[in-house]
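Architecture at a glance
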Amino acid sequence: MLKALGPSQNPVLRKLARGLARLSSAMGWLSIRYPTYTLEDRLKQFKSLDLPFQAGTSIRFNDFFVPYIVSDSDRDGAFALGCITEFQRGPQLQFLKRLAQGRLSEMGGGGFVDMDHLIRLLDFGRAAHEIWERMPPSSKEWVEGFVAGLNWVQKQRKRGVDERFLGIRPEPYTPLDILLFGRLAGADVNWPIYFSLIEHRLSGDFIEWWNRLRRVGAGVSTSFDSPNSAKPGTAQQIGEFLNSLSRSGSNSIVLHGTRTLSGAPLMVNDPHLGQHLPNVWMMVGLRTPSWQCVGLMFPGVPILGLGRNLNLAWGGTNLRAASSDLVRLDEGTATERTSVQTARIRVRFSWARKRKLRYSPHGPVLTDCPALGRLCGKDTLALRWAGHWPTDEITSFLNGMKAHTVSQLHNAMHGVGVTPLNVLGADSQGNIGHVLAATLPKRPGFPENDWVLAEDKALEHWSVQVCARDFPSVINPATGFIVSANNRPSEVTGLGFLFNGDDRVMRARALFNTKKRFSPQALLDLQLDVTSPLAEQLSSQLADYCRPYLQRNEQLVFCNSIDLWNGAYSADSFAALQFEFLLTALVRELSVLRHAGRMPGLMDQWAYLTACLLEDLGNLSDFDRKKIVPLCVEEANRKAQHWQLWGSLHKIRLRHVLGHVPLLGKLFSSKSFPAAGSRETLMKNAHNLVRGFDETSYGSQSRHLSDLSDPDENYFVLLGGQDGWVGSHLMTDQIPLWQTRQSIQMPLRQMRIEQLFPHCIGRLE
């Protein structure tokens, strides 16, 4: 059913790939092979490594190559975790390291120089030395053990196909690299918005659209120019890529025992991230003297971002807090109070480039990057980011991973800086809770007509820090459940202004009101729900809007169809197609009438469509309505008839970074399959306005369910697979589980671990 990453089934493509591989190998700059590996192959390769496991340390694997580490020593457990991380995800880590350091040009050539310049200005590792110096000895020991494991395996493993293709020669890791990975995962979700808006600040309609954006909120990405109208700029591309690494969208839900059949709390987590290969997460089990837990880990950062221990389950969503500000530097500051460095950017297949890096008292001067500087006129803009403060997320999560109660989890989160998170928890004593985990400037508010601060305002806003202990928290609400879906969690002044809407929260609350108590299966069904209340409401309103201007029977039938639609984006829905094509047609015609055909990117966002579209359509003249409405309905009906089903048009195809390479890209992609869900459904498969065939690349890509009534009742699944090695069937072997709503059990009791993880490597005696 699925094509593994490896040799193409198409004989022509296979011959072409082999021919290109032989040619490139003969030229001496590239050598590509397309091996295929099974579980047995990968286990054999791992066993062949010279791993110095001490007595009492072992790694067990299940049939999906998911590791469970058992050790009598925390340090040895960390070492084993580093070993398996490098073995399964080594090439991915080497790519991410170069991304975080601004070294994309070393892999991709001269087209990435501006992007590298911008990344080096963002300076993900700026606070790493100070974080490491402040880190407590127990956390340092854990990180050092993890790094030792990474380096031990890296010295022995061979280069991957992707490393050869990209010219990557593996480099040893240091503890500072681990902190660098953490900051990369903590990239501000607002950067794509800031970067895409920066060139429009001087345009005449900026204030109108900026205030409208603040009113309706933001989705996955927002720009003033439609992403389909022109190729995104360098700044927007890097912002969107970094956005795909952080939990910019997610669902996290906990139920109190009074709302469950077992009487114990339930928790589900559904991170929304980039849908690509390998998955952003690794599934891991740990059993050491200090930690006994299972969960999901970002490769290279040795903590479980969501998971379960014997007494506590935890998870979360992106808070979408404003952890960054752009600051307009005065001329004196820009010329006299900045330090200057020269960066040498190595470029593959070309000569090295030199770029200027300036640092002001407010942070790096971003407009020194040509991708931004040429768009800002005379303004010199610096970046203030909470990620440049020395906050210690690793220690916070290590403490959270061994917490016994929700209150202890809340206390552990006081040290979190970036990414700002809604952290939800449930404990075996029956408590559920929600805390805002972030370190932010104590702002009095946000400017109304711009988001760029003057220097005096920046000094005022960033002079005092606030953290989780300063924000409201919730334990055991009267409703018996907590839902977080990137919506505004609190009316805290200065927290943020670009939150998601309440669509997913509204749907979850409505489903919770249908029954008193939930089983784990019922909660999983809620997690996989694909109905949008706002889509149902908007489709009915658009039907009423269009009817007075229609005469043909087929057009009226079309309106009746979307009027009766319940908002469910199931893969077999026809009405979802009709509704989406009508939205696209109406927005396009509205942009022609109001914006001379230039579609502001905000008009492509769900927040605008549900909050402002009808208002803008209502402001059209009766003449314009009579002209465009029949044409839009006719076009939408014709396109819907062509595609027939939502899942015929809207699909998931997982791609490796090499999946975008011309000709050879298909070798590094999975087979596509229908994708239920939409932008703001609980099971999200995001998309913009639908113009034709669409392959989603952002949305639900992992799932977690824990039942606190039993330590063994923990279930996870990845959209893709555990392994990150090109050619391994284990990179995509969980896709059938994903499609059939199955998952992988991750127990906590030793007997059950031995049953479900039968492949053992190491020394137990």
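Everything here concerns the structure above.
The paragraphs below set out a description of the structure included in this document.

Cut-off values and rules
- Residues numbered from 1 in each chain as written.
- Predicted model: local features only at pLDDT ≥ 70, side-chain atom pairs only at ≥ 80, totals over all residues.
- Heavy atoms only, no water.
- Core = buried A, V, L, I, M, F, W, Y, C linked by side-chain atoms within 4.5 Å.
- Buried < 20%, exposed > 50% of the residue type's maximum accessible area, 1.4 Å probe, protein only.
- Helix = DSSP H or I, 4+ residues; strand = E, 2+ residues; numbered from the N terminus.
- Contact = heavy atoms within 4.5 Å.
- Polar contact = N/O pair within 3.5 Å; in protein donor to acceptor, adjacent residues only side chain to side chain.
- Phe/Tyr/Trp six-rings, centres within 6.5 Å; stacked < 30°, edge-to-face > 60°.
- Lys NZ or Arg CZ within 6 Å of the ring centre and 35° of its normal.
- Pairing = 2+ DSSP bridges.
- Axes fitted to C-alpha atoms, helices over the stretch in contact; angles between N-to-C directions.

1. Considering the nonpolar core
Within the largest apolar cluster, 194 residues are counted, with the highest numbers of intra-cluster contacts made by Phe579 and Leu582. When residues of this core are assigned to their parent elements, the largest contribution, twelve residues, is made by helix 3 (residues 74–100). Non-local contacts of Phe579, meaning those with residues more than four positions away in its chain, are made with Ala535, Leu538, Ser539, Leu542, Ile562, Trp565, Tyr569 and Trp606.

2. What about the environment of Ser71?
Relative to the assigned elements, Ser71 resides in strand 2 (residues 67–71). Taking the C-alpha atoms as reference points, Ser71 and Gly56, 15 residues apart in sequence, are found 5.5 Å from one another. One polar contact links Ser71 to Thr57, side chain to side chain, over a distance of 2.8 Å. Among the polar contacts made by the side chain of Ser71, one reaches the main-chain carbonyl oxygen of Ser73 at a distance of 2.9 Å.

3. Some details on the packing of aromatic side chains
Within a pair of aromatic rings, the relevant descriptors are the distance that separates the centres and the angle that separates the planes. Summed over all chains, the structure comprises 20 aromatic pairs. Considering the side-chain rings of Trp565 and Tyr569, the 5.2 Å spacing of their centres and the 80° angle between planes classify their relative orientation as edge-to-face. Through a chain of ring-to-ring contacts, the aromatic side chains of Phe46, Phe61, Phe65 and Phe87 assemble into a single cluster. Its guanidinium or amino end placed over the ring of Trp152, Lys155 lies 5.3 Å from that ring's centre, counting from NZ or CZ.

4. Brief notes about the side chain of Glu580
With respect to the element layout, Glu580 can be found in helix 22 (residues 575–595). Separated by 2.6 Å, the side chains of Glu580 and Tyr569 make a polar contact. Within the structure, the side chain of Glu580 is placed 2.7 Å from the side chain of Arg679, a separation counted as a polar contact. Beyond its immediate stretch of four places on either side in the chain, Glu580 contacts Tyr569, Trp646, Ser678, Arg679, His687 and Val690.

5. Thoughts on the sheet that holds strand 17 (residues 452–454)
Taken in spatial order, the three strands of this open sheet run 13-9-17, and their pairing is mixed. Edge strands, defined here as strands with exactly one partner in the open sheet, are strand 13 (381–385) and strand 17. Each strand of the sheet is rotated relative to its neighbour by a mean of 40°, with strand direction disregarded. As paired elements, strand 9 (residues 324–328) and strand 17 share three bridges and run parallel to each other.

6. Comments concerning the environment of Phe716
Tracing the backbone shows Phe716 in strand 26 (residues 714–718). Measuring from C-alpha to C-alpha, the distance between Phe716 and Met283 comes to 7.7 Å, with 433 residues separating the pair along the chain. Residues in contact with Phe716, not counting those within four places in the same chain, are Met283, Val294, Gly295, Leu296, Leu306, Gly307, Arg703, His704, Ser743, Ile744 and Met746.

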